[in-house]
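# Residue-level structural notes
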Amino acid sequence: MTKLWIVRAGAHGERELAAIDQGRLFPGFQEVGDLTALDSRDAILGHLQEVLPDEGRNRLRNFAAQLNQFVNKIETRDLVVMPRKVTNGVAIGIVTGGYQFDGAGDFKHSRTVEWKEESRPRDTFKQDLRHSFGAFMTICQIKRNSALERVQAVLETGRDPGSLLGRQGQATKPEPSNGPEDDETEADDYLTDIEDIANQQIISLIKSEFAGHALADLVAEIMRVEGYITTVSPPGPDGGVDILAAGGALGLGEDRICVQVKSGDGAANHDVVLRLIGSVSNTQAQTGLLVSLGGVNAAAQKELDNNFFKLRLWQMPDLLKALFRTYGELSDETRTMLPLKQIWAPTHVNS
């Protein structure tokens, strides 16, 4: 029977691009050795107690349950989602192979996957599923609210039909959740990453209120608050230049930036980066900034890395950080379009 799983790729999305590019699931746990011969949670727990002797018992049991699912419970043809941190989307794939260990690799633990969607926008899904995608767990199963059927429907039709309804029009009763002593971890049994969910909602609001070329206006305003004099290209073909920003008196300082803004959901490719490099040269800018809500693909990231002293990238987390640090000084009009309120929340709750 097909199941649906979450497998994350780093608290900050640090393994996402490699996972997409290589067609693999990379859950991390780099300090953990080869688990190939360990066929139960207890066996994996014994190994964790050896390699992580300073960790608490409950934490190790939690890790063991997650890793046991990754090694022994996930099956070929199961469906997997990878909620992404650097975009507002989720990758959706079909598991194609068993657990593999590569002690010499950048990421030791992996399974192969055929990605069907690399970054499906989260607002494709209704709120209950988005909440499940925000669970803190690195590896967990999603059972409730007809999650499997709904993700399959998104792959087939592009729409989330919502929780399946019973004959009387009531939502079907959710399957019982697992307690901490059970052998499985399920998304709805654990705390939700409130910050991540809030960030995703803010990005959805930005995409709605500053669609298309309007995102360049928002980026330019943020840069103006941070001390730059800016000029924004009019809508239409821009030749790789959306914003020119300059520091110093009258904008005549050496800090000159050529900005390209990509507001779409798709990842920016190698050609986008090459055009930005050309624009930096043509405008006599000092550096180039690529702002891409859909992130970049592997080839684009490699080109950015090769031009470290000339180019910078703002993906979703970077744009949000810039927005948060300048929000209080943005125009009334912008803050009306993006009504935000800062709150404090505990990072964990003692049970």
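Each residue is numbered by its place in its chain's sequence as written, counting from 1. Totals for whole chains, interfaces and linings use every residue, but because this is a predicted model, local features are given only for residues with pLDDT of at least 70 and side-chain atom pairs only at 80 or more, for both listing and counting. Hydrogens and water are ignored here; the side-chain numbers use all heavy atoms of the structure.

We call a set of buried Ala, Val, Leu, Ile, Met, Phe, Trp, Tyr and Cys residues a nonpolar core when their side-chain atoms join them within 4.5 Å. Accessible area is worked out with a 1.4 Å probe on protein chains only. A residue is then buried under 20% of its type maximum, exposed over 50%, and partly exposed in between. Formed by 30 residues in total, the largest nonpolar core has its most connected members in Leu25, Leu48, Val80 and Trp115. Each helix is a run of DSSP H or I of at least 4 residues and each strand a run of E of at least 2, with the numbering of both proceeding from the N terminus. Secondary-structure elements contributing two or more residues to this core are strand E1 (4–7), helix H1 (16–22), helix H2 (41–51), helix H3 (57–73), strand E3 (79–83), strand E4 (89–95) and strand E6 (109–121). Sorting elements by how many residues they give to this core places H3 first, with six residues. Counting 29 residues, the second largest nonpolar core, distinct from the first, contains Ile202, Phe210, Leu218 and Ile243.

Moving on, we come to helix H10 (residues 316–326). Buried within H10 are the following residues: Met316, Leu319, Leu320, Ala322, Leu323 and Thr326. Taken around the axis of H10, the buried residues stretch over an arc of 160°, which confines them to a single face. Of the exposed residues in H10, those oriented more than 90 degrees away from the buried face are Lys321 and Arg325. For H10, the elements touching its buried residues are helix H6 (194–209), helix H7 (214–225), strand E11 (287–292) and strand E12 (311–314). The directions from the helix axis to the C-beta atoms are what the arc is built from. Here a residue-residue contact requires only that any non-hydrogen atoms of the pair lie within 4.5 Å.

What follows is about the packing of aromatic side chains. Note on ring pairs: Phe, Tyr and Trp rings are taken, using the six-membered ring of Trp, and paired if centres are within 6.5 Å. Classes follow the plane angle, with under 30 degrees stacked, over 60 edge-to-face and the rest tilted. Throughout the structure, instances matching the rule amount to five aromatic pairs. For the pair Phe125 and Phe133, a centre-to-centre distance of 5.1 Å together with 85° between the ring planes defines the contact as edge-to-face. Residue Phe133 is classed as buried on the basis of its relative accessible area of 0%. Ring geometry for Phe308 against Phe309: centres 5.2 Å apart, planes inclined by 85°, an arrangement best described as edge-to-face. Of the residues examined, Phe309 reaches a relative accessible area of 77% and is grouped as exposed. Taking the ring centre of Phe308 as reference, the NZ or CZ of Arg312 above it sits at 4.2 Å. We count a charge as sitting over a ring when the NZ of a lysine or the CZ of an arginine lies within 6 Å of the ring centre and within 35 degrees of the ring normal.

Our focus in this paragraph is the packing of helix H8 (residues 270–282) against helix H9 (residues 298–306). The axes are straight lines fitted to the C-alpha atoms, using for helices just the contacting stretch, and the angles between their N-to-C directions are given from 0 to 180°. At a closest axis distance of 7 Å, the pairing of H8 and H9 adopts a crossing angle of 30°. Taken as axis vectors, H8 and H9 run roughly parallel relative to one another. Of H9, the residues touching H8 (which contributes His270, Val273, Leu274 and Ile277) are Ala299, Ala300, Glu303 and Leu304. For the contact of H8 with H9, the per-class residue count stands at six nonpolar, one polar and one charged. In this scheme, roughly parallel covers angles under 35 degrees and roughly antiparallel covers those over 145, while 65 to 115 is roughly perpendicular and the rest are oblique. All residues other than Ala, Val, Leu, Ile, Met, Phe, Trp, Tyr, Cys, Pro, Asp, Glu, Lys and Arg, Gly among them, are scored as polar; the first ten of these are nonpolar and the last four charged.

Moving on to the pattern of salt bridges. Pairing is possible between side chains of opposite charge, provided their charged atoms come close. Each salt bridge in this description consists of a side-chain nitrogen of Lys or Arg and a carboxyl oxygen of Asp or Glu lying within 4 Å of one another. Tallied over the full model, the rule gives 13 salt bridges. In this structure, Glu117 and Arg120 form a salt bridge, with 2.8 Å as the shortest nitrogen-oxygen distance. Arg120 shares its class with Glu117; the two are buried. For the salt bridge of Asp196 with Arg122, the shortest nitrogen-to-oxygen distance reads 3.1 Å. Linking Asp196 in helix H6 with Arg122 in the loop between E6 and helix H4 (127–133), this pair joins segments that are 74 residues apart in sequence. Of the residues examined, Arg122 reaches a relative accessible area of 4% and is grouped as buried.

The predictor reports its confidence for every residue as pLDDT, a score running from 0 up to 100. Confidence in the prediction of the protein, expressed as mean pLDDT, is 88, and 90% of residues score 70 or more. Mean pLDDT across the elements of the protein bottoms out in H6 (88) and peaks in strand E2 (residues 24–25) (98). Note that residues 165–182 has pLDDT below 50 and, in this model, 25 contacts with residues that lie over four places away or in other chains.

Looking now at the pairing of E6. Within E6, ten of the 13 residues are buried, which leaves the element mostly enclosed by the surrounding structure. Note on pairing: DSSP must find at least two bridges between two strands before they are called paired. Relative to E6, E2 runs antiparallel, the two sharing two bridges. In the sheet register, Leu25 faces E6, and the bridge partner there is Arg111. In the sheet, E4 pairs with E6 via six bridges, with the strands oriented antiparallel. Within E6, the residue paired with Ile94 across the bridge is Glu114.

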